[in-house]
Amino acid sequence: MSLDSISETIAHFIGTFELTTEQARLREQYEEFTALRRKIELEDLAEATSINVRADLKLDPGKYGPLPYKFMAPDNDGPFPPASGGPIPEPALFLDPVSGPDEIIPEGQLFTAEFQQTIVVPELVPELIGSAVTYTFQTLNLSDNDTIGQGDFRDAEVLMQEGYEALDVALSLHVISSPSFDIADYQSVEKLEQLAEQMKATVTVQVDGATVHQFHGEEAVGIIVNGERVEELPDWMELLPQHHQSEDDEESGQPNPYPKEWDQSEDDVFGEGHTVIAGGNLAINEVSITVGWVDAPIIAVGGASYDLTVVSQVAIVSDIDEGEPGAQSETKVIQSSQIAVEASEASWIEDNVAPPGQDPLVVISWISGDLYVTNFVKQVIDATDIDHIQTEVSASNSMYVLGDNDMFNANNIVQLGSFYDVVMVGGNMVSVDIVQQTIVLIDDDVVTGPVQDEVEENLVMNQVSLTSTGEDTHEDITPNLASVLPIEEVNTDALEDALLNDPAFAGMEQLRVLKIEGDLIQANVIEQVTLLQDQDDVHLTAGQGAEASALGAGNALLNAASVSKIGVDSVVMAAEGEYSDVLLHQASLIDSPDEELGEEIANEAIAFLMEETNGPGKSDLAPGHNKLTPSEAASLDDGMQSMLA
């Protein structure tokens, strides 16, 4: 009999409930059954959570007896490295081939005479250095020539051409030609002799306004600023024009860490009136080199020793302004040089003493070819900020920023190597440091209408610092060192024997030797060129009697080079003699109005020199028709090539 729909639903629910209840009852019974079965299986284990593995690994002592051994006692006469040279190796483990596999040497019994022992002498192996060569070329070109309005402006192209001609004049005033960046030139004896001859030459400029200072040898050592010996170097930060110094800098003496554009003080920028900034440029070439690669208290050279240092600084400034009274700016030109040598004894010599009767441990590092430690840096800034503005302003206040450019070339090099007790050079040892700095600033402005509201001044600075730690003295080479210089690496034992028998090294605990079979070339060559043309035409008219001011100057140019050579006091013994020379050359040509003679002679000095040079665009001064000396001509060509490349 069929059920109705409601009864059928109730029956299905009851059936489902019974099945679910039965399933739960059976699962509980199953889990209990499973647990009891696991308990029976694990009854043999002491703890169910730990497992013990049993293995019978006992060996038969009759078949596998311990090997005979004994620690060798160190030889009291054998050489060992000092404690400062690194840890001494543990005593070696030796086997006795005479004893059988089952025979053990009793404790305390010495080896028999038949034992063939091989004792490895401990060796101190220093890290072998190689050559270190860097080339850095940094060029910055800026063309910020702005024109606002229309007026009787000077031709910017003609002004730029005159700037390059002024650069030619500056490069011709150096005592040497443009320095070479080819390592082979500093390895060539002929090239070194040519450089030495150029250093001896004297540059004479028969032009009013040009000043040349030269110092040779010991006279060049010390701090010299614009040809005069002073106590300390001038501070670039203190001499910066007012435009580049904030109020915080002047009060605290610390540089402002924030961009000057953030300084929105009402008195400075956003005050009442009208302002035109056509100058205010900052150009810096800066390089710092620190070298401490190779040095030793004793240096033996099979060839000749050359040590040449050249610092050549040239600055040309043309600052002729036209306009209302007070429009003429001032330019400070500072050329400073610091050349110093400080004594520094090798700190390890006092501790490098061996017990009486013990020979030193000799460690030799070989370089089969030449060793180069050279740095070549060339930095060029070529900037034009020729601004033209002619306008009438009627607003309550306004500002025109046409200049105010910041330009930087910076480089920092650090080279640290190893010091030795002896450096032996089979060929020549060459040390050359050349720094050539050139600055040309042309700030000839034409200003009408505005008045000067702050101190108008430019700063031009060439600064060099060459410091050496460790003094070199020269002596005749000893016969023993002269005889061992030709020894090659295949005869290392012969070199060691010769050094051990040299009285100069007696009593030393260890002797670290660097043997260079070729030449040792150390050179730091820096060339810095800065050209800035800031020739502005500013014609500004302010309505309703408002005040208008213009900044056509405020430029700051810096070429800064620092070379620090870290070493120790050395005795240099060169078989073929030594040659050393130091030269400081400072030349400047400043063209500014002469209050006594008037401004009609403006640019006469620079114009005179330009006529004597083969400047670009001078068809009447073609090659063969100039009056330059060969060295000046070489400097001129190299300078133009570097600027236009």
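This text goes with the structure placed above it.
No experiment lies behind these values; they were computed from the predicted model shown. One numbering rule holds for all chains: residues counted from 1, following each sequence as written. In view of the model being predicted, local features appear only for residues whose pLDDT reaches at least 70, and side-chain atom pairs are presented and counted only at 80 or more, with totals across whole chains, interfaces and linings using the full set of residues. The side-chain quantities take in all heavy atoms of the structure and omit both hydrogens and water.

## Describing unusual backbone geometry
One non-glycine residue with positive phi stands out, namely N226, at about 50°. For N226, a relative accessible area of 33% gives the class partly exposed. Burial status follows relative accessibility: with a 1.4 Å probe on protein chains alone, a residue under 20% of its type maximum counts as buried, one over 50% as exposed, and anything between as partly exposed.

## A closer look at the packing of aromatic side chains
The rule is short: rings of Phe, Tyr and Trp, with Trp giving its six-membered ring, pair when the centres are within 6.5 Å, and they are stacked under 30 degrees, edge-to-face over 60, tilted in between. Applying the stated criterion across every chain, the model contains six aromatic pairs. Between Y135 and F137, the ring centres sit 6.4 Å apart and the planes meet at 15°, which makes this aromatic pair stacked. An aromatic cluster is present here, built from Y135, F137, F181, Y186 and F376 joined pairwise through their rings. Two conditions define a charge sitting above a ring: the NZ of Lys or the CZ of Arg must be within 6 Å of the ring centre, and it must be within 35 degrees of the ring normal. The aromatic ring of W348 is capped on one face by R512, whose charged end is 5.2 Å from the ring centroid.

## A closer look at a negative patch on the surface
Residues forming no salt bridge and having over 30% relative accessible area are the ones grouped into patches, like charges within 9 Å of each other and nonpolar side chains (Val, Leu, Ile, Met, Phe, Trp, Tyr) within 5 Å. Accessible surface is estimated by sampling points in the Shrake-Rupley manner with a 1.4 Å probe; for residues, cover comes only from the protein chains shown. By definition, a salt bridge exists where a carboxyl oxygen of Asp or Glu is found within 4 Å of a side-chain nitrogen of Lys or Arg. By the counting scheme adopted, Arg and Lys are positive, Glu and Asp are negative, and His together with the chain ends is not counted. Just so you know, the charge point we use is NZ for Lys, CZ for Arg, CG for Asp and CD for Glu. A surface patch of like charges, here negative, comprises E231, E232, D235 and E238. Each helix corresponds to a stretch of at least 4 residues labelled H or I by DSSP, and each strand to a stretch of at least 2 residues labelled E; elements are numbered beginning at the N terminus. Here E232 lies in the loop between β7 (228–229) and α5 (236–239). For E232, a relative accessible area of 62% corresponds to the exposed category.

## Observations regarding the sheet that holds strand β10 (residues 298–301)
What the six strands build is an open sheet, ordered β14-β24-β19-β10-β29-β23; its pairing is parallel. The open sheet is flanked by β14 (361–367) and β23 (472–475), the only strands paired with a single partner. This sheet shows a mean twist of 20° between the axes of neighbouring strands, independent of strand direction. Pairs of strands are assigned from DSSP output, requiring at least two bridges between the strands. In this sheet, strand β24 (residues 510–516) lies alongside β14 in parallel orientation, the contact comprising seven bridges. Residue pairing for β24: V363 is matched across the bridge by R512. Its contacts with the sheet put helix α8 (residues 492–500) on β14, β19 (422–425) and β24, and the angle it makes with β14 is roughly 130°. Between N-to-C directions, angles span 0 to 180 degrees; the directions come from axes that are lines fitted to C-alpha atoms, helices contributing only their stretch in contact. Contact criterion: two residues are considered in contact whenever any of their non-hydrogen atoms come within 4.5 Å of each other.

## Here we look at the layout of surface pockets
Estimated volume of the second largest pocket: approximately 1,000 Å³. Buriedness for pockets is judged along seven lines, at least five of which must meet protein on both sides within 12 Å for an open set on the 1 Å grid over protein atoms alone, while cavities are sets there where a 1.4 Å probe fits but cannot get out, and lining residues have an atom within 4 Å of a point. Taken together, 44 residues make up the lining of the second largest pocket; nearest its centre are D307, S468, G470, D472 and K565. For this classification, the nonpolar set comprises Ala, Val, Leu, Ile, Met, Phe, Trp, Tyr, Cys and Pro, the charged set comprises Asp, Glu, Lys and Arg, and every other residue, Gly included, is treated as polar. Of the residues in the lining of the second largest pocket, the class split is 21 nonpolar, 15 polar and eight charged. Grid points are joined across faces, edges and corners, and a volume is the space filled by probe spheres set on the points.

## A short note on a nonpolar patch on the surface
Side chains of I6, I10, F13 and I14 sit close together on the surface and give an oily, nonpolar patch of about 440 Å² of accessible area. Examined against the element boundaries, I10 turns out to sit in helix α1 (residues 5–41).

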